[in-house]
Amino acid sequence: QHHFDGVARDNIQHLLDHTSGLLDYYRFIEEMTDTAFEFLQVRIITSSGIKGYNKHIYEPEQYEGVDNDWVLQTLIEQGAPPNAPGSIYEYINSNYVLLSMIVEKASGETFENFVKKNIFDPIEMNSSFVSRTKPSGDSNIASSYRVKFDKYDYFWATPETTGDSNVYTTVEDM
């Protein structure tokens, strides 16, 4: 087992492989806000027919205060993970938040600056960026909409986390 700034490489590998055993922080947002999630019935057309599933619809106020530090503190308060690392595969957004925090600690930079300097700039992805908050005044950013009360409603609901969300790019950059 090798150590990287006090963090075992095996643990980092579990975060990358989604075998950390941790809980996804989205499970705690409903408890924090004491509100129920709306569900959107999503239908996907596949070669074998139409498949449906329910997708959480979050309101912007449900994300208030949800940032990397909140995710870390919430996970710490949960105590030992419900599953031993390496025992189960489950996609967990918390893993990517923790990985972005490791990048910040190891590099001494914000995740946003690290990604720009080490990923976007070298390959000339000049319109791509990471932002913890809603970017303002940029007409190149696609807006999310949903139907609410039989009208299209502008919709922005994302936590102020890095690693699992808040990366913006363009077709040209890809």
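The present account deals with the structure reproduced in this document. (Residues numbered from 1 in each chain as written. Predicted model: local features only at pLDDT ≥ 70, side-chain atom pairs only at ≥ 80, totals over all residues. Heavy atoms only, no water.)

**A few points about the packing of helix H3 (residues 68-77) against helix H4 (residues 93-107)**
Two elements in contact, H3 and H4, have axes separated by 10 Å at closest approach and are oriented at 115°. Crossing geometry of H3 relative to H4 is assigned as left-handed. From H3, Asn68, Asp69, Val71, Leu72 and Leu75 reach across to H4, where they touch Ser94, Val97, Leu98, Ser100 and Met101. Of the residues in the contact of H3 with H4, the class split is six nonpolar, three polar and one charged. (Axes fitted to C-alpha atoms, helices over the stretch in contact; angles between N-to-C directions. Helix = DSSP H or I, 4+ residues; strand = E, 2+ residues; numbered from the N terminus. Left-handed = near helix turned anticlockwise from the far one by under 90°. Contact = heavy atoms within 4.5 Å. Nonpolar A, V, L, I, M, F, W, Y, C, P; charged D, E, K, R; others polar.)

**Here we look at the environment of Glu172**
Looking at the element boundaries, Glu172 is found in the segment after strand S8 (167-168). Separated by 46 residues in the primary sequence, Glu172 and Asn126 have C-alpha atoms spaced 9.3 Å apart.

**Regarding the nonpolar core**
Leu15, Tyr25, Ile29, Trp70, Val71 and Leu98 are the most contacted members of the largest nonpolar core, which totals 17 residues. Secondary structure elements with two or more residues in this core: helix H1 (9-17), helix H2 (26-33), H3 and H4. Ranked by the residues each element gives to this core, the list is headed by H4, at five residues. For Leu98, the residues in contact, after removing those within four places along its chain, are Leu15, Leu22, Leu72 and Leu75. In this structure, Phe111, Val115, Phe120 and Val130 belong to the second largest nonpolar core, which totals five residues. (Core = buried A, V, L, I, M, F, W, Y, C linked by side-chain atoms within 4.5 Å. Buried < 20%, exposed > 50% of the residue type's maximum accessible area, 1.4 Å probe, protein only.)

**A word on the pattern of salt bridges**
By the definition in use, this model includes two salt bridges. Glu109 is the partner of Lys117 in a salt bridge, and the nearest nitrogen-oxygen pair spans 2.9 Å. Residue classification places Lys117 among the partly exposed positions, given a relative accessible area of 47%. Between Lys116 and Asp121 there is a salt bridge whose closest N-O contact spans 3.0 Å. (Salt bridge = Lys/Arg side-chain N within 4 Å of Asp/Glu carboxyl O.)

**Focus: H3**
For the α-helix, the turn length of 3.6 residues means that residues three or four positions removed from each other point alike. Those residues of H3 not exposed but buried are Asn68, Trp70, Val71, Thr74 and Leu75. The buried side chains of H3 occupy one side of the element, clustering within an arc of 165° when seen end-on. Along H3, exposed side chains directed more than 90 degrees from the buried face belong to Asp69, Ile76 and Glu77. Capping of H3 at its N-terminal end is provided by Asp67; its side-chain oxygen lies 3.3 Å from the backbone amide nitrogen of Asp69. Downstream of H3 by a residue or two, Gly79 has a phi angle that is positive, lying close to 80°. (Arc of directions from axis to C-beta. Polar contact = N/O pair within 3.5 Å; in protein donor to acceptor, adjacent residues only side chain to side chain.)

**Re the side chain of Thr19**
One can find Thr19 in the loop between H1 and H2. Looking at Thr19, the relative accessible area reads 15%, which means it is buried. At a separation of 2.8 Å, a polar atom in the side chain of Thr19 contacts the side chain of His14.

**Digging into the packing of aromatic side chains**
Two aromatic rings are characterised by how far apart their centres lie and by the angle between their planes. The full count for this structure, using the stated rule, is three aromatic pairs. A centroid spacing of 6.1 Å and a plane angle of 50° characterise the contact between Tyr91 and Tyr96, whose relative ring orientation is tilted. Residue classification places Tyr91 among the partly exposed residues on the basis of a relative accessible area of 43%. Here the aromatic rings of Phe129 and Tyr168 are separated by 5.1 Å at their centres, their planes lie at 20°, and the arrangement is stacked. Here Phe129, found in strand S5 (residues 129-130), pairs with Tyr168, found in strand S8; they are 39 residues apart in sequence, far enough to count as distant. Classification of Tyr168 as buried rests on a relative accessible area of 13%. (Phe/Tyr/Trp six-rings, centres within 6.5 Å; stacked < 30°, edge-to-face > 60°.)

Function-wise, these values are silent; they only describe arrangement.
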